[in-house]
Amino acid sequence: VKRERPADRLVDWSLGEVESVAKARLPQMAFDYAQGGAGPERTLAENVAAFARYRFRPRFLVDVSKRDLSTRLLGRTHPVPFGLAPTAFHRLFHAEGEAGTARAAASRGVVHCVSTLSTTALEEVAQAGAPRWFQLYVHRDRALTRSLVERAKGAGYEALVWTVDAPVWALRERDRRNRFSLPPPLKLANFERYLDKAGGGADGLANYVNSQLDPSLTWDDLAWLKDVSGLPVLVKGLLTPEDAALAVERGADGMVVSNHGGRMLDHVPATLDALPGIVQEVRGRVPVLLDGGVRRGADVLVALALGADFALVGRQAVWGLAAGGEAGVARVLDLLREELDNAMALTGRRSVADVDASLVARV
Ligand code: GLV
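Residues numbered from 1 in each chain as written. Predicted model: local features only at pLDDT ≥ 70, side-chain atom pairs only at ≥ 80, totals over all residues. Heavy atoms only, no water.

A. Local environment of helix 8 (residues 204–212). Of the positions making up helix 8, those classed as buried are Gly 204, Leu 205, Ala 206, Tyr 208 and Val 209. Buried positions along helix 8 lie against helix 2 (28–35). A distance of 3.1 Å separates the backbone nitrogen of Leu 205 from a side-chain oxygen at the start of helix 8, and that oxygen is part of Asp 203. (Buried < 20%, exposed > 50% of the residue type's maximum accessible area, 1.4 Å probe, protein only. Helix = DSSP H or I, 4+ residues; strand = E, 2+ residues; numbered from the N terminus. Contact = heavy atoms within 4.5 Å. Polar contact = N/O pair within 3.5 Å; in protein donor to acceptor, adjacent residues only side chain to side chain.)

Here's what the structure looks like:
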């Protein structure tokens with residue numbers, strides 16, 4: 001009997017397999033773009049390794065017959081304490097693109113943070129009806145940025161996730177080797193622009209960012225952004241208590257502890273290691289979210305134990321999309337939820353409010 005391999009079945013893989021299922025289906029350039037990181041990719045590995053340094057301290061004989069994974073964030077009850085991190089170019093991974101991702105998010109009620117660099121226009125992504133945030137790259141052209149923000153607000157995006165860790169683009173060796181660009185007809189759908197791979201020996205994305213995004217941004221621009229958008233602004237990409245303090249002082253509505261999935265500057269710490277100092281500085285005044293290295297439901301629980309209010313999952317959802325479009329993303333969300341629920345029950349935690357630092361020990 002010929003045994004079917006998991007990759008042959010549409011949605012019958014585990015979270016441990018989804019990356020290899022995706023890899024088998026993707027061109028090298030697309031796979032490398034999503035899997036890779038900056039420089040020698042030490043931070044990329046470290047984000048994952050940091051989670052492996054913690055162990056749960058389970059408590060028993062707690063009645064866990066009723067469990068509630070929901071949490072409040074930015075005026076909404078989320079069914080689970082995690083959402084989809086912003087990731088670019090979903091049509092590079094599956095023909096359904098961002099619309100498929102958004103339908104999966106909508107079907108599970110999970111928040112979807114849509115990237116400025118989406119290959120589907122933000123209005124079209126919004127039609128799926130998922131709770132949604134808009135990840136913003138501020139362009140040198142402020143009128144363009146302003147119109148992007150106004151469009152997002154008009155299309156029902158509930159918050160801006162302002163990425164601040166990319167004043168210049170990363171040195172990504174895989175993308176350079178592959179001369180990364182979007183194969184036509186894929187475009188930056190929010191601007192109807194192609195990514196030009198010509199020039200400078202770099203890749204098309206690096207060329208775009210270095211020529212279009214504003215490297216002169218400062219904390220003063222947060223007030224401008226809040227003013228033009230009228231939306232809550234989460235500052236994404238912080239790694240130090242100093243910047244966390246400034247974010248609070250300058251009126252951020254929250255922050256995402258992030259190193260851009262190890263994709264921006266190598267040699268920065270794992271986000272999980274940066275988290276406790278930031279949480280201590282912020283003292284609950286605004287929500288602190290985390291992305292980077294979250295591959296499993298149990299990872300979400302570790303992040304919450306170390307003080308995160310919410311986690312964001314990037315690559316696993318991209319792999320789910322590549323493996324099975326909307327159904328693949330939905331399966332990733334279901335598996336993350338199942339694992340988180342299982343870990344909470346088996347550690348004696350009935351709700352997110354029951355999760356604190358006593359849940360983990362560092363090894
Ligand atoms: C986009 O933001 C990327 O990390 O490639």
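B. Geometry of helix 13 (residues 315–346). The first and last C-alpha atoms of helix 13 sit only 26 Å apart over 32 residues, clearly below the 46 Å expected at 1.5 Å per residue. The largest bend in helix 13 comes to about 140 degrees, at Gly 324. One or two residues past the end of helix 13 sits Gly 348, with phi positive at roughly 75 degrees. (Expected span 1.5 Å × (residues − 1). Bend = angle between axes of the 7 residues up to and from the residue.)

C. Fine view of the site of the ligand. Around the ligand, the structure places Tyr 33, Tyr 137, Trp 169, Arg 172, Leu 205, His 260 and Arg 263. A distance of 2.6 Å separates an oxygen atom of the ligand from a polar side-chain atom of Tyr 137. Between the ligand and Arg 263, the relevant distance is 2.9 Å, taken from an oxygen atom to a side-chain nitrogen or oxygen of the residue. Considered on its own, the ligand offers 190 Å² of accessible surface; in the complex 92% of this is hidden by protein. Tallied by class, residues from the shell around the ligand come to 4 nonpolar, 1 polar and 2 charged. (Near = heavy atom within 4 Å. Areas by Shrake-Rupley, 256 points an atom, 1.4 Å probe, with all protein chains shown as cover. Nonpolar A, V, L, I, M, F, W, Y, C, P; charged D, E, K, R; others polar.)

D. Fine view of the pairing of strand 11 (residues 310–313). Every second residue of strand 11 is oriented toward a common face, with Phe 310 and Leu 312 on one face and Ala 311 and Val 313 on the other, all of them buried. Bridge count between strand 4 (residues 82–84) and strand 11: 3 bridges; the pairing is parallel. Looking across to strand 11, one finds that Gly 83 is bridged to Leu 312. Examined bridge by bridge, strand 10 (residues 288–291) and strand 11 share 3 bridges and lie parallel to one another. Looking across to strand 11, one finds that Leu 289 is bridged to Phe 310. As a crossover connection, the stretch from strand 10 through helix 12 (residues 297–305) into strand 11 is right-handed. (Pairing = 2+ DSSP bridges. Right-handed = clockwise from strand over helix to strand, strands pointing away.)

E. Spatial organisation of the nonpolar core. Core analysis: the largest hydrophobic core is formed by 116 residues, its most contacted members being Phe 89, Leu 92, Phe 93, Tyr 157, Leu 205, Met 255 and Leu 272. No other element matches helix 13, which puts 15 residues into this core. Phe 89 has contacts with Tyr 33, Glu 98, Leu 117, Ser 118, Thr 119, Phe 180, Leu 182, Leu 188, Leu 195 and Leu 205, leaving out every residue within four places of it along the chain. Ranked by size, the runner-up nonpolar core spans 12 residues in total, among them Cys 113, Ala 159, Leu 234 and Leu 289. (Core = buried A, V, L, I, M, F, W, Y, C linked by side-chain atoms within 4.5 Å.)

F. Inspection of the pattern of salt bridges at higher detail. This structure, assessed with the given rule, holds 19 salt bridges. For Arg 103, the salt bridge identified is with Glu 96, shortest N-O distance 3.4 Å. Arg 103 gets classed as partly exposed once you look at its relative accessible area, which sits at 34%. Judged by its relative accessible area of 29%, Glu 96 falls in the partly exposed class. Here Glu 123 and Arg 151 are joined by a salt bridge, their closest N and O atoms 2.7 Å apart. Note that Glu 123 is positioned in helix 5 (residues 122–126) and Arg 151 in helix 6 (residues 142–154), a separation of 28 residues in sequence. Taken together, the shared-partner salt bridges connect Glu 46, Arg 53, Asp 273 and Arg 362 into one network. (Salt bridge = Lys/Arg side-chain N within 4 Å of Asp/Glu carboxyl O.)

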